[in-house]
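# Architecture and fold: a report
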Amino acid sequence: MTNAVGRDIPDSCVILGETRKLQPYRGPFAREPNVVTRTTFPRFVRPGATKLVGSLREAIEKTDLKSGMTISFHHHFRFGDVVVDTVLRELARLGIRDLTLTVSGFHPVTEILCDCIREGVVTRIHHGGIPRELGNLVARCILKEPVVIRTHGGRARAIGAGELPIDVAFVAAPACDAYGNVNGTDGPSPCGALGYAMVDARHAKRVVVLTNNLVPYPLHRISIPQTHVDYIVATDCIGDPTWIASGAIRQTRNPRDMVIADQIAQVVQHSGFLKPGFSLQVGTGGVSLAATSRISDIMRHGGIQGGFMLGGITSVAVDLLKEGLFHSLLDVQSFDQGAARSLTETKEHVEIDASFYANPHSGGCAVNMVDVAVLSALEVDVDFNVNVLTGFDGVMMAGPGGHSDTAAGSKLAIIGIPLVRDRLPCVVKRIGTVVTPGETVDVVVTEYGVAVNPRRADLLKALEGSSLRLCDIQELARKAEDITGTPEQLRFTDHIVALVEYRDGTIIDVVRKPEA
Amino acid sequence: MVQKTMRSLLFVPGNSPSMVANAAIYGSDAVVLDLEDSVPLESKDSARILIRHALSCVDYGPARVGVRINSIASGMASDDVREVAAGWPDFVMIPKVESCEQILAVDNMLASGESANSIPAGSTDIIAILETPRGILNAFDIARASNRIVGLAFGAEDFCTSMGIQRSGEGTELLVAKATIVLCSRATNIAAFDTVFVDIDDDTGLLTETKRSRQLGFNGKCAIHPNQVPTINSVFTPDEAEIEYAKTIVEAYEKGLGEGLGAVAVGGMMVDEPVVRRAFKVLGSAGHHLTQDNFRSHACSRSKRKVVLPRVGELEHGAEAGTDRKGDARINITPIPAGQGLEIEVTSKVAVLYGTAIRNTVRRVLEEMGVTDAHVTVTDQAALDFAIAARTEAAVRRATGAGHRGDTVGSPRATLSTSASP
């Protein structure tokens, strides 16, 4: 069947061992929640019982973790994470196999993980993003089922709705007391907010905390409460916090990025949204950070005090809070040490969980309150649909993160993207994979010009007064192909390596295996 | 009457395909593809070829495109002009000009280049870069040496070297030279462009120096890094109040003309000719009310020109052109016995999308150049088509003549910061 963005979706697919009927994407807000599944689990801890266990192995045995189950991890340590590896190694030693692995976002792809996939310890992956090394491995069709890709909000929704039941959640805790209260900010290796782990811990059947910093009861600032935690393992290392600024975060003086950022700031300036109380979410790419700097210049110049900034929080945002340009930060994940520190020091810097952040089937998520979102992309098509997942060769190399959530929730979603990367056209007739639907994208900004979604006639009118070079998105696509030449069409097999779930649980696209 | 001036002239290394291809996206009024200091000696030939291809293939939009050739004294200027004139740049910049004879020499080279390539005679302009005491002292004559001359530019680094002085922050030591250039330009009704600001990370310093340039009377300033362009453009752009006032004057003047009046009053002030001229200049430099374009852009006619490839004889030996930098392609060509045809091997990370296109381009270039038997390996780093064609041509020409057999990879940033001193 064909969905609302014109992609061919199979009727059904085997997910978590059972054949599920797939719902095609019908529109950003077309699907309402209809399931009522109990996704929090009763626990029973007698007075005097201890949650501390002697080893990871003992904790695993106590959780009754068996082959075929689902284990979850959070990605707040990003490329400094060691807990995924530590746990997988132990599970492999215990002979446990056929696991479903779900990590909330990017984590290092190590030999241990690859071996676990090759040897059948991990046979299913439900992730927020797939780094290229993992993408290459997955493209060889060695998993039992297609990977399921979810946005941050979509993952929180799926976990809450019982569509992604977690048997055991493993939490890397920078601080934890003996009864399992956890935060991400205290101790020698702070990673800051624990927004993704909070959702996993709330809904998992069993929760194991690994900590290198066991503190006296009770911990003062509590992100994950004792009521969700079953076992605590003291360990030497939970991850290298100096790496939390790795991956997506890039400060730039790259001239092309600066040109794009400058135009993004002009779009914001003329959009009508830049007024007192203005709220902003930006990505962590070079363009986004440079745009933030330009936007804050305009705010300073015009004496505009903003409202809140949302999302992954960097020290750039912390500085703007301290300066008084914004009055609050809502932080689901801290992107550097400055942000992690600020979370404990500043009461206006608030930790939120992934559901609060972006779950479309919650009582209201924070992305709905955002005025302007500045986002990046790998490719955009002439209907403004965005690919943030697959590379030019059809292999997965990135992930949506909060992209689709923020685009859907914000009043003005701006995509900053170079028209051409090396020889790859980035504004094209047809993109590899649709992750964020064009209906939720308002403006595409390139170094050659700015295209406004025709749905936003109001915006087009507002921007006509600026000095921006406005053009039709078709013109951008033509221009891109003038520069690069017409690429050959990639050919794909019928084998589906990944399902791309929209935030509401419908299927917006699938990733097929490229022909050799 | 109204002059659309060039506020910013962005220099890019002429042997870097990606910088040559992207030079126009930063909003400078002119792009200068450099053959001089940013190109190592052994890559001059392939840079010339790359620039010739770029001039015909890259869309520089509204920006004027110039080429900085090597100085007359270097002995390379005639080769530079012969090659790049075929691509019909809007202007060439000649470094280290000291005399009228040097201008006339380039004038003649351009004239023969124009006639050989069916380009309208006299349509390629010249900007002379003065960067020696002798050059500065001859500025007035140099400015009048040829009808092609549209501007003088100052080069501070070489000037300081020949003066045996250090550049200071406030630039007192350069004042006489700068003022001379501006005076001579004004006296001969051409433009004056100030030297580059070399500290690419010092945004405040750039702003201060550019304001000083404008105050001295320069029409624009050279940029050594794309991030300098917005600052330079904004300093040389009149602010809103200036523009509004100029508009009022021009409107009143034109209304007066319609009514047969030569002088009119605006807000109680008599507006006479110099005031009107100044107003036109303000609007001209603000990009408004463009009635006459002193700086030609051949963009439209240029881009329709086909790149003509020279026919060559037999390949004499193996040769290589291009580098392994991003956006470039390294083409290695070896002669093989007659009758074996063309063997083309392509390595590229974008081969799934462009493998065939790359092969076709290489084959087309070889065939047009008359090469019938050769083994060619292409190591592509996602180069654009014009770069692949240019590198192939360069490799073939190296394989059929004396000269260099490969390009060196210098750090483009390093060569840039130590060098480009128009």
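A quick note: this is a predicted structure, and the numbers were derived from the prediction, not measured.

## Some thoughts on the overall build of chain B
What chain B contains, in helices and strands, is 16 helices and 14 strands. Buried positions account for 56% of the 422 residues belonging to chain B. Taking the intrachain contacts of chain B between residues at least 6 apart in sequence as the baseline, contacts between residues at least 24 apart amount to 77%. Summed over its atoms, the accessible surface of chain B is roughly 17000 Å², and 53% of this surface lies on carbon and sulfur atoms.

## Focus on the nonpolar core
Of all hydrophobic cores here, the largest spans 226 residues; its most connected members are Ile71 and Phe170 of chain A together with Leu152 and Ile333 of chain B. Ranked by residues supplied to this core, first place goes to helix α15 (residues 385-400) of chain B with nine residues. Setting aside residues no more than four positions away along its own chain, Phe170 of chain A makes contact with Leu56, Ile60, Leu65, Ile71, Ser72, Phe73, His74, Val87, Val208 and Leu210 of chain A. In this structure, Ala261, Ile304, Leu320 and Val372 of chain A belong to the second largest nonpolar core, which totals 40 residues.

## Section: the interface of chain B and chain A
Counting residues at the interface gives 25 residues for chain B and 21 residues for chain A. Carbon and sulfur atoms supply 53% of the area that chain B and chain A bury against each other, a total of about 2100 Å² over both sides. The largest share of the area that chain B buries against chain A comes from Ile25, Leu353 and Tyr354 of chain B, three residues that together contribute 33% of it. Here chain B is connected to chain A by two salt bridges. In this structure, the connection of chain B to chain A is made through eight residue pairs in polar contact (both at pLDDT 80 or more). Among the secondary structure elements, those contributing two or more residues to the side of chain B that touches chain A are α14 (351-369) and α15 of chain B. For the side of chain B that touches chain A, the element with the highest residue contribution is α14 of chain B, accounting for seven residues. When its residues are assigned to classes, the side of chain B that touches chain A shows 14 nonpolar, five polar and six charged.

## Things to note about the sheet that holds strand β14 (residues 374-380) of chain B
Residue and element names in this part refer to chain B. Judged by pairing direction, the sheet is mixed, and its four strands sit side by side in the order β11-β12-β14-β13 without closing on themselves. Looking along the sheet, the strands with just one partner apiece sit at the ends: β11 (319-321) and β13 (342-348). Going from strand to strand, the sheet's axes swing by 15° on average, the running direction of each strand aside. Most of the contacts of α14 go to β13, to which it runs at about 145°, and overall it touches β12 (329-335), β13 and β14.

## Structural notes on the side chain of Glu320 of chain B
Residue and element names in this part refer to chain B. Residue position: Glu320 is located in strand β11. Look at Glu320 and you get buried, because its relative accessible area is 19%. A polar side-chain atom of Glu320 sits 3.3 Å from a polar atom in the side chain of Arg330.

## Description of the domain arrangement of chain A
All names here are of chain A. Domain parsing of chain A yields domain 1 (12-27 + 49-243) and domain 2 (255-485). Taken over C-alpha atoms, the centre of domain 1 sits 29 Å from the centre of domain 2. Taken together, the 40 residues of domain 1 in the interface contact 34 residues of domain 2. When domain 1 packs against domain 2, the two sides together hide about 2700 Å² of surface, and 60% of this comes from carbon and sulfur. Between the two partners, domain 1 and domain 2, sit three salt bridges. For Arg132, the salt bridge goes to Asp393, with nearest N and O atoms at 3.0 Å. If you list the elements that add at least two residues to the side of domain 1 that touches domain 2, you get α4 (132-138), β7 (147-149), α5 (152-160) and α6 (195-203). The residue makeup of the side of domain 1 that touches domain 2, split by class, is 17 nonpolar, 16 polar and seven charged.

## Describing the confidence of the model for chain B
Looking at chain B, pLDDT values average 89 and 89% of them are 70 or higher. With pLDDT under 50 throughout, residues 288-294 of chain B is counted as low confidence; its partners more than four residues away or in other chains account for 17 contacts.

## Let's talk about the domain arrangement of chain B
All names here are of chain B. Examined at the domain level, chain B breaks down into domain 1 (8-237), domain 2 (240-285) and domain 3 (319-407). Inter-centroid distance (C-alpha atoms) of domain 1 to domain 3 is 32 Å. Between domain 1 and domain 3, the contact holds 19 residues from the first and 17 residues from the second. Across the domain 1 to domain 3 interface the summed buried area is about 1300 Å²; carbon plus sulfur atoms make up 57%. Across the domain 1-domain 3 interface, the total number found is three salt bridges. Applying the counting rule to domain 1 against domain 3 returns eight residue pairs in polar contact (both at pLDDT 80 or more). Listing elements by their share of the side of domain 1 that touches domain 3, those giving two or more residues are α1 (17-22) and α2 (44-57). The class makeup of the residues in the side of domain 1 that touches domain 3 is nine nonpolar, six polar and four charged.

## Here's the deal with unusual backbone geometry
Apart from glycine, the bulk of residues carry a negative phi angle, and the bulk of peptide bonds sit in the trans form. The omega angle of the peptide bond from Tyr217 of chain A to Pro218 of chain A is -5°, so this bond is cis rather than trans. By secondary structure assignment, the location of Pro218 of chain A is in the loop between β12 (214-215) and β13 (231-234). Backbone geometry at Ser118 of chain B places phi at a positive 50°, although glycine is not the residue there. For Ser118 of chain B, the location among the structural elements is in the loop between α4 (100-116) and β5 (125-130).

## Some words on the pattern of salt bridges
Within this structure, the stated rule accounts for 62 salt bridges over all chains. Put simply, Glu163 of chain A and Arg157 of chain A hold a salt bridge, and the shortest N to O gap is 2.9 Å. Judged by its relative accessible area of 3%, Arg157 of chain A is buried. Residues Lys306 of chain B and Glu368 of chain B are paired through a salt bridge, measuring 3.5 Å at the closest nitrogen-oxygen approach.

## What about the packing of helix α1 (residues 56-63) of chain A against helix α2 (residues 83-93) of chain A?
Residue and element names in this part refer to chain A. The geometry of α1 relative to α2 is characterised by a closest axis approach of 10 Å and an angle of 70° between their N-to-C directions. The angle between α1 and α2 falls in the class roughly perpendicular. You can see that α1 and α2 cross each other, and the crossing is right-handed. Across the interface between the two elements, Leu56, Arg57 and Ile60 of α1 pack against Thr86, Val87, Glu90, Leu91 and Arg93 of α2. Tallied by class, residues from the contact of α1 with α2 come to four nonpolar, one polar and three charged.

## Some words on α4 of chain B
Residues and elements named next belong to chain B. The terminal C-alpha atoms of α4 lie 24 Å apart, and with 17 residues this matches the ideal 24 Å at 1.5 Å per residue to within 8%. When we look at burial in α4, the residues that qualify are Gln102, Ile103, Val106, Asp107, Leu110, Gly113 and Glu114. Down the axis of α4, the buried set is contained in an arc of 140°. They therefore lie on one face. Facing away from the buried side of α4 by more than 90 degrees, the exposed set consists of Glu101, Asn108, Ser115 and Ala116. Of the surrounding secondary structure, the elements contacted by the buried residues of α4 are α3 (77-85), β4 (91-94), β5, α6 (139-143) and β6 (149-154). Ser118 occupies a position one or two residues after α4 and carries a positive phi of about 50°.

About the thresholds
Residues numbered from 1 in each chain as written. Chains lettered and ligands numbered in written order. Predicted model: local features only at pLDDT ≥ 70, side-chain atom pairs only at ≥ 80, totals over all residues. Heavy atoms only, no water. Helix = DSSP H or I, 4+ residues; strand = E, 2+ residues; numbered from the N terminus. Buried < 20%, exposed > 50% of the residue type's maximum accessible area, 1.4 Å probe, protein only. Contact = heavy atoms within 4.5 Å. Areas by Shrake-Rupley, 256 points an atom, 1.4 Å probe, with all protein chains shown as cover. Core = buried A, V, L, I, M, F, W, Y, C linked by side-chain atoms within 4.5 Å. Buried area = accessible area lost by both parts, 1.4 Å probe. Salt bridge = Lys/Arg side-chain N within 4 Å of Asp/Glu carboxyl O. Polar contact = N/O pair within 3.5 Å; in protein donor to acceptor, adjacent residues only side chain to side chain. Nonpolar A, V, L, I, M, F, W, Y, C, P; charged D, E, K, R; others polar. Pairing = 2+ DSSP bridges. Axes fitted to C-alpha atoms, helices over the stretch in contact; angles between N-to-C directions. Domains from an automatic or database assignment. pLDDT = per-residue confidence, 0-100. Parallel < 35°, antiparallel > 145°, perpendicular 65-115°, else oblique. Left-handed = near helix turned anticlockwise from the far one by under 90°. Expected span 1.5 Å × (residues − 1). Arc of directions from axis to C-beta.

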